[in-house]
Amino acid sequence: MKMVLSVIAAIKCTNDEEALTELANEIAAQIINTPETESVMLSMADIKDKDDTCLAIVGILDDGTISITSMSLDYNSAHNKWVREQFSAWDGSNTVLTKLIKQSLNDEKSYEHIKTTYRDIRTEEDRNDVNKVLSDAGYSQRVEIGDLFIQTQFSAKNGFNAIIKSTAYGISSYSSNTVTLIDIG
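Residues numbered from 1 in each chain as written. Predicted model: local features only at pLDDT ≥ 70, side-chain atom pairs only at ≥ 80, totals over all residues. Heavy atoms only, no water.

1. As for the layout of surface pockets
Any empty space left between the atoms is revealed when a probe the size of a water molecule rolls over them.
Next, step 1: In this structure, the largest pocket encloses a volume near 180 Å³.
Next, step 2: As for the largest pocket, its lining consists of I68, T69, S70, M71, H79, D120, I121, R122, I145 and G146.
Next, step 3: At four residues, strand β4 (residues 66–71) tops the list of elements feeding residues into the lining of the largest pocket. (1 Å grid on protein atoms, 1.4 Å probe; cavity = no way out; pocket = protein on both sides within 12 Å on 5 of 7 lines; lining within 4 Å. Points joined across faces, edges and corners; volume = space filled by probe spheres on them. Helix = DSSP H or I, 4+ residues; strand = E, 2+ residues; numbered from the N terminus.)

Below, the structure is given as structure tokens:
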């Protein structure tokens, strides 16, 4: 009778995409050379973190296939660094989207940021959900995996000099490193 092993482990390493990839590749090579091992699931934490906060969950199959099934925004991947750079540390606004919003206002000096939220498009399901909403609303813009779909609530003066609350929608593209204002409603 052949015994098949599935391994679940917690590992601490440097909080860096290259370090995690190198470690996962080394483990994948060992799995390929150990026919009894079917898969490995790793919980990765920063070696400097005393609380052992999980940065990423990494799955490795017996053929050496590696996939990151979950990751914290604290994990220092290129994408996560890009996401963190998109938003102001002061008020959480997307700085480029804010400039685009102000350019479309009657009185850009009246602009007051209220709140910014975003959806990180990580999966095909995320992409399809957001693109369906955009399509159903009549917009031609689309998101791709890696992009951010951004909502910014703000107040500003309208054409009658009254202060109103509005919501702006935008897309921050990871591949082209651009921000597009979709609409203000």
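Read on for the rest.
2. Things to note about unusual backbone geometry
Next, step 1: Within the chain, N161 stands out as a residue other than glycine whose phi angle is a positive 70°.
Next, step 2: With respect to the secondary-structure elements, N161 resides in the loop between β6 (148–157) and β7 (163–173).
Next, step 3: At N177, a residue that is not glycine, the phi angle is positive and equals roughly 50°.
Next, step 4: Secondary-structure assignment places N177 in the loop between β7 and β8 (178–184).

3. Re the side chain of H113
Next, step 1: If you trace the backbone, H113 turns up in strand β5 (residues 112–120).
Next, step 2: Its relative accessible area of 18% is what places H113 among the buried residues.
Next, step 3: Contact partners of H113, with chain neighbours within four places excluded, come to D91, S93, T152, Q153 and F154. (Buried < 20%, exposed > 50% of the residue type's maximum accessible area, 1.4 Å probe, protein only. Contact = heavy atoms within 4.5 Å.)

4. Regarding the pattern of salt bridges
Next, step 1: Inspection of the entire model under this criterion finds four salt bridges.
Next, step 2: Between R119 and D129 there is a salt bridge; the shortest N-O distance is 3.3 Å. Within this pair, whereas R119 is found in strand β5, its partner D129 is found in helix α4 (residues 124–136), the two being separated by 10 residues in sequence.
Next, step 3: By relative accessible area, which is 32% here, R119 ends up partly exposed.
Next, step 4: K132 is the salt-bridge partner of D136, the closest N and O atoms lying 2.7 Å from each other. (Salt bridge = Lys/Arg side-chain N within 4 Å of Asp/Glu carboxyl O.)

5. Section: the nonpolar core
Next, step 1: Formed by 14 residues in total, the largest nonpolar core has its most connected members in L20, I27, V40, L42, M44, V58 and I60.
Next, step 2: In this structure, F87, I101, I150 and A156 belong to the second largest nonpolar core, which totals 13 residues. (Core = buried A, V, L, I, M, F, W, Y, C linked by side-chain atoms within 4.5 Å.)

6. Thoughts on the sheet that holds β6
Next, step 1: With antiparallel pairing, the four strands of this open sheet are ordered in space as β5-β6-β7-β8. Looking at the sheet topology across the chains shown, the edges are occupied by β5 and β8. Ignoring strand direction, the axes of neighbouring strands in this sheet form an average angle of 25°.
Next, step 2: Pairing analysis gives eight bridges linking β5 to β6, with the strands arranged antiparallel. Its bridge partner lying in β6, H113 is registered against F154.
Next, step 3: Contacts between α4 and the sheet are confined to β5, β6, β7 and β8, with β5 contributing the most and set at about 130° to the helix. (Pairing = 2+ DSSP bridges. Axes fitted to C-alpha atoms, helices over the stretch in contact; angles between N-to-C directions.)

7. Side note on a negative patch on the surface
Next, step 1: Residues E17, E18, E22 and E26 make up a contiguous surface patch of negative charge.
Next, step 2: Along the chain, E17 turns up in helix α1 (residues 17–32).
Next, step 3: Taking the relative accessible area as the measure of exposure, E17 reaches 32% and is therefore partly exposed. (Patch = residues over 30% accessible without salt bridge, like charges linked within 9 Å, V, L, I, M, F, W, Y side chains within 5 Å. Areas by Shrake-Rupley, 256 points an atom, 1.4 Å probe, with all protein chains shown as cover. Lys, Arg positive; Asp, Glu negative; His and termini not counted. Charge placed at Lys NZ, Arg CZ, Asp CG, Glu CD.)

8. What about the environment of I47?
Next, step 1: Mapped onto the fold, I47 is located in the loop between β2 (37–46) and β3 (54–61).
Next, step 2: For I47 and N15, which are 32 residues apart along the polypeptide, the C-alpha to C-alpha distance reads 7.4 Å.
Next, step 3: Setting aside residues no more than four positions away along its own chain, I47 makes contact with K12, C13 and T14.

9. A short note on helix α2 (residues 78–85)
Next, step 1: If you check which residues of α2 are buried, you get H79, N80, W82 and V83. Down the axis of α2, the buried side of the element spans an arc of 160°, and every buried residue falls inside it. (Arc of directions from axis to C-beta.)

10. Some details on the packing of aromatic side chains
Next, step 1: For the structure on display, the rule yields four aromatic pairs.
Next, step 2: Seen in terms of ring centroids, F87 and Y118 are 4.8 Å apart; in terms of plane orientation they differ by 20°. Their pairing is stacked. You can see F87 sitting in the loop between α2 and α3 (95–103) and its partner Y118 sitting in strand β5, a full 31 residues away along the chain.
Next, step 3: Taking the relative accessible area as the measure of exposure, F87 reaches 16% and is therefore buried. (Phe/Tyr/Trp six-rings, centres within 6.5 Å; stacked < 30°, edge-to-face > 60°.)

Spatial relationships are all this shows, so hold off on functional conclusions.
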